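Residues per chain are reported as follows:
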Amino acid sequence: MANYDYLVVGAGLFGATFAYEAAKRGKRVKVIEKDNRISGHIYTEEKDGIQVHKFGAHIFHTSNKKVWQFVQQFAEFNRYTNSPIANYKGELYNLPFNMNTFNKMWGVVTPEQAKAKIDQQRQVLGDKRPQNLEEQAISLIGTDVYQKLIKGYTEKQWGRKATDLPAFIIRRLPVRYIYDNNYFNDPYQGIPIGGYTQIVEQLLKSPLIDIELNTDFFANKDHYLADYPRIIFTGMIDQYFDYQLGELEYRGLRFEEEELPVGNYQGNAVVNYTDAETPYTRIIEHKHFDFGKGDKNKTIITREYPQTWHRGDEPYYPVNDKRNNSLFKRYRELAAQQSKVVFGGRLGQYKYYNMDQVIDAAEKLVAREFGKTGE
Ligand code: UDP
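Naming follows an unreviewed UniProt entry, where the protein appears as UDP-galactopyranose mutase of Loigolactobacillus rennini. Per UniProt, the comment on the protein under Cofactor (unreviewed entry) is "FAD". Its UniProt record gives the protein a comment under Sequence similarities (unreviewed entry), which states: "Belongs to the UDP-galactopyranose/dTDP-fucopyranose mutase family."

S.K.: Please provide a residue-by-residue account of unusual backbone geometry, values included.
M.R.: Look at the link from Leu-95 to Pro-96: it is a cis peptide, with omega at -5°. Turning to its location among the elements, Pro-96 is positioned in the loop between strand E7 (91-94) and helix H3 (99-106). The backbone of Lys-89 sits at a positive phi, close to 50°, despite the residue not being glycine. The residue Lys-89 is located in the loop between strand E6 (85-88) and E7 in this model. With phi around 55°, Asp-242 is a residue other than glycine that occupies positive phi space. Within the secondary structure layout, Asp-242 lies in the loop between helix H8 (237-240) and strand E11 (250-260). Residue class for Asp-242 comes out exposed when judged on its relative accessible area of 61%.

S.K.: Account for the UniProt feature "domain: UDP-galactopyranose mutase C-terminal" (unreviewed entry) in the protein, naming residues and giving values.
M.R.: Look at the UniProt record and you will see "domain: UDP-galactopyranose mutase C-terminal" (unreviewed entry) annotated at residues 148-352. For residues 148-352, the helix share is 23%, the strand share is 21%, and the end-to-end C-alpha distance is 25 Å.

S.K.: Describe the site of the ligand, listing the residues and the values that go with them.
M.R.: Near the ligand there are 17 residues, and of these Thr-154, Arg-172, Tyr-183, Tyr-317 and Tyr-352 occur at the shortest range. The contact in question runs from an oxygen atom of the ligand to an N or O atom on the side chain of Arg-172, over 2.8 Å. Considered on its own, the ligand offers 520 Å² of accessible surface; in the complex 93% of this is hidden by protein. For the shell around the ligand, the leading source of residues is helix H5 (residues 133-158), giving six residues. For the shell around the ligand, a count of residues per class yields eleven nonpolar, four polar and two charged.

S.K.: So, the pairing of strand E13 (residues 282-285): which residues are in play, and what are the values?
M.R.: Across the two faces of E13 the burial is the same, with Arg-282 and Ile-284 and Ile-283 and Glu-285 all buried. Sheet topology note: the strand E12 (residues 270-273)/E13 ladder contains three bridges and is antiparallel. Paired with Val-271 across the strands is Ile-283, a residue of E13. Where E13 and strand E14 (residues 299-308) come together, four bridges link them in antiparallel fashion. When the sheet's bridge partners are listed, Ile-284 is paired in E14 with Thr-302.

S.K.: Provide a residue-level description of the side chain of Asp-238, including the pertinent values.
M.R.: Relative to the helices and strands, Asp-238 resides in helix H8. There is no salt bridge for the buried Asp-238, and the closest opposite charge comes from Arg-311, which lies 6.7 Å off by N-O distance. At 2.9 Å, the side chain of Asp-238 and the backbone nitrogen of Leu-248 are in polar contact. Not counting the four nearest positions on each side in its chain, Asp-238 is found in contact with Tyr-243, Gly-246, Glu-247, Leu-248, Tyr-250 and Tyr-331.

S.K.: Now, about the pairing of strand E2 (residues 29-32): what can you tell me, with residues and values included?
M.R.: Here E2 shows no split at all, with Val-29 and Val-31 on one side and Lys-30 and Ile-32 on the other all buried. Across four bridges, the pairing between strand E1 (residues 6-9) and E2 is parallel. Bridge pairing in E2 places Val-8 opposite Val-31. For the crossover from E1 across helix H1 (residues 13-24) to E2, the handedness is right-handed. By the bridge criterion, four bridges tie E2 to strand E9 (residues 209-212) in an arrangement that is parallel. Paired with Val-29 across the bridge in E9 is Ile-209.

S.K.: Kindly report on the environment of Asn-36, identifying the contributing residues and their values.
M.R.: Examined against the element boundaries, Asn-36 turns out to sit in the loop between E2 and strand E3 (44-47). With 114 residues separating them along the chain, Asn-36 and Ile-150 place their C-alpha atoms 37 Å apart. Discounting residues that sit within four places of it in the chain, Asn-36 has contacts with Leu-213 and Asn-214.

What counts, and at which threshold
Residues numbered from 1 in each chain as written. Predicted model: local features only at pLDDT ≥ 70, side-chain atom pairs only at ≥ 80, totals over all residues. Heavy atoms only, no water. UniProt positions renumbered as here; feature names shortened; annotations may be inferred. Helix = DSSP H or I, 4+ residues; strand = E, 2+ residues; numbered from the N terminus. Buried < 20%, exposed > 50% of the residue type's maximum accessible area, 1.4 Å probe, protein only. Near = heavy atom within 4 Å. Polar contact = N/O pair within 3.5 Å; in protein donor to acceptor, adjacent residues only side chain to side chain. Areas by Shrake-Rupley, 256 points an atom, 1.4 Å probe, with all protein chains shown as cover. Nonpolar A, V, L, I, M, F, W, Y, C, P; charged D, E, K, R; others polar. Pairing = 2+ DSSP bridges. Lys, Arg positive; Asp, Glu negative; His and termini not counted. Salt bridge = Lys/Arg side-chain N within 4 Å of Asp/Glu carboxyl O. Contact = heavy atoms within 4.5 Å. Right-handed = clockwise from strand over helix to strand, strands pointing away.

What follows is the structure, encoded as structure tokens:
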């Protein structure tokens, strides 16, 4: 075995960012990946001249200038602005919740009228401080928007009642009293021209980094622990500890991709189906992430079906409710006792991270490992 300084388990964005920074500092890194490809869930693949987001829509957005500058090194980003449409039983609304949504919902025209309507509807809560997603949503945008645009989507997405979900999930979405359909408040936003896979390829291209695909850490855990001085583990933290404290819950997904003989299927990159009956949450039409690309007579769409997750399925979302968060805290205590192993990423840190937060978390680990000056 070569003298590696690090073993990185998982070639997703967290592992790749760490490996890149370590190699930049002259460290030798082995990356192992259970799948037959790098990039984890940000993986994109070209088809008919279109970058297909194989694991759902990934729109890069951040308020962190350093992170934005970091990713610019590996791709040119277009000026895509996410403005999804919600389809509720054939009625279309703009997202996020803004004056366009309120105008369509109630015919209100001014911010004052919209506020009055929402204030009136949130009275159902009385003086109660919002305790769960449903109450948080009603307190932010009232009962009508909640019933038509949130309840059905949320309960499909998470497979449980909105009253059993944490409030923070709905606070991911802005509420705006201006006519602005931009889904994000971040000053920086875009999609990498040429896709995401190239970013991870470049992060891992150093001659100091060796990658081994189709390699399961758990098949040889003891050897890895014995052979490597330091391990960055980006898989599921509960699996690492052999589920000894119990299982953390995840939400699964199934993607149904279809090529259609039309140039433009839905007129927008993202359309959410917010009723309870439609079995998928959203349809993405990949060509609209990158203006003017691809065949004029063809398009590729992907329907996203949330799935109950069982051990062994691909985990997509941590379910950060009270039970899981307190279980995770106990796993984190075990993790703190591991002198060789550090846990990172959505699965290792059991956090509903966006891409920029993953990079930021990896950079924080880099600072801890190598010090602020870089060594
Ligand atoms: N959400 C909703 N209606 C929508 C879009 C989102 O109720 O049309 C809620 C839902 O609970 C979802 C959460 O907002 O889980 C966060 O949405 P986001 O788009 O950030 O989810 P992601 O893209 O990470 O799946």
